[in-house]
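Coordinate inspection notes
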Amino acid sequence: MRLNIAIFFGALFGALGVLLFLVAFGSDYWLLVTEVERCSGEQQIANITFYHEGFFWRCWFSGVMEENDSSTYKFWYTNQPPFKNCTHAYLSPYPFTWGQHNSTAYDSAVIYRGFWAVLMLLGVVAVVNASFLIICAAPFSSHLLYKAGGGSYIAAGILFVMVVLLYIIWVQLVADLESYRSEKLKDCLEFTPSVLFGWSFFVAPAGIFFSLLAGLLFLVVGRHIQLHH
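The structure presented is a predicted model; accordingly, all values stated were derived computationally and were not measured.

Definitions and limits used
Residues numbered from 1 in each chain as written. Predicted model: local features only at pLDDT ≥ 70, side-chain atom pairs only at ≥ 80, totals over all residues. Heavy atoms only, no water. Helix = DSSP H or I, 4+ residues; strand = E, 2+ residues; numbered from the N terminus. Expected span 1.5 Å × (residues − 1). Phe/Tyr/Trp six-rings, centres within 6.5 Å; stacked < 30°, edge-to-face > 60°. Buried < 20%, exposed > 50% of the residue type's maximum accessible area, 1.4 Å probe, protein only. Pairing = 2+ DSSP bridges. Axes fitted to C-alpha atoms, helices over the stretch in contact; angles between N-to-C directions. Contact = heavy atoms within 4.5 Å.

**Concerning helix H2 (residues 104-140)**
Along an α-helix, residues three or four positions apart point the same way, because every turn accommodates 3.6 residues. Spanning 37 residues, H2 covers 55 Å between terminal C-alpha atoms, matching the ideal 54 Å at 1.5 Å per step. Ser141 sits one or two positions beyond H2 and adopts a positive phi of about 50°.

**Remarks on helix H3 (residues 143-174)**
Counted at 1.5 Å a residue, the expected span for H3 with its 32 residues is 46 Å, and the 44 Å between its end C-alpha atoms agrees. Positive backbone phi, approximately 55°, marks Asp176, located one or two places after H3.

**Quick look at the packing of aromatic side chains**
One pass over the full model with this rule turns up 24 aromatic pairs. When the centroid spacing of 6.0 Å and the interplanar angle of 15° are considered together, the rings of Tyr153 and Phe218 count as stacked. Linking Tyr153 in helix H3 with Phe218 in helix H5 (residues 199-228), this pair joins segments that are 65 residues apart in sequence. You can call Tyr153 buried: its relative accessible area is 3%. What makes Phe218 buried here is its relative accessible area of 1%. A ring pair is formed by Tyr167 and Phe201, whose centres lie 6.4 Å apart and whose planes are at 40°; its orientation type is tilted. With Tyr167 in helix H3 and Phe201 in helix H5, this pair connects stretches of sequence that are 34 residues apart. You'll find Tyr167 and Phe201 in the same group, each marked buried. Among the aromatic residues, those joined into a ring-pair cluster are Phe25, Trp30, Phe55, Phe56, Trp116, Tyr167, Phe197, Phe201 and Phe202.

**A short note on the sheet that holds strand S5 (residues 190-197)**
Pairing in this open sheet of five strands is antiparallel, and the strands run S4-S3-S2-S1-S5 from one edge to the other. Both outer strands of the open sheet, strand S4 (85-88) and S5, are each paired with one neighbouring strand and no more. Pairwise comparison of adjacent strand axes, ignoring direction, gives a mean angle of 15° for this sheet. Inspection of the sheet shows strand S1 (residues 31-38) paired to S5 by eight bridges, in the antiparallel sense. Across the sheet, the residue bridging to Val33 is Val195, located in S5. H3 contacts S1, strand S2 (47-53) and S5 of the sheet and is inclined by roughly 165° relative to S5.

Okay, structure coming up:
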């Protein structure tokens, strides 16, 4: 009875982990950026650009922000324009653009971004593989498959921990937003970027929690089956 309960909750937590990881992987809201710039002689005229990016795409659109509005409010689907500009995020991670292809900073950013992308891909592969192993383990009560599935869930959780940490390091240290702001101020009277982590970023830690919990439960299930069957 206890074994069945452990398998049930392990499967539930594993399914939640897979769902959350796939949402984090497929959505483009890891980073939310609002840029307010005044580049004309008219001090009252401000151009506001909203950026959001994820694993696949970096998108941006222009808009107007009222005085009391929160910048994150503009990133809701219903508040975005029907058409916006998008480019591949792995070739143009914020704040770098295509025009900086010859710069050392751009090359370092693409390499860093590529390493981050590989870890995320490995994490998604690991969590999907874990699900298949558990599905195969259930009919045969195979302790080896349960242990392999549990180990894969734990591996996926660890990989996504690295993904989250690397992204924090990227935003806080590697991206060098101060240099980007200084470069913009050469052409603009005022330039103020506001950088926030998006909801895709916060989905990943929840997936990590459920994935690690499912992995531990299935390791315990595998150990129990090995000892008592």
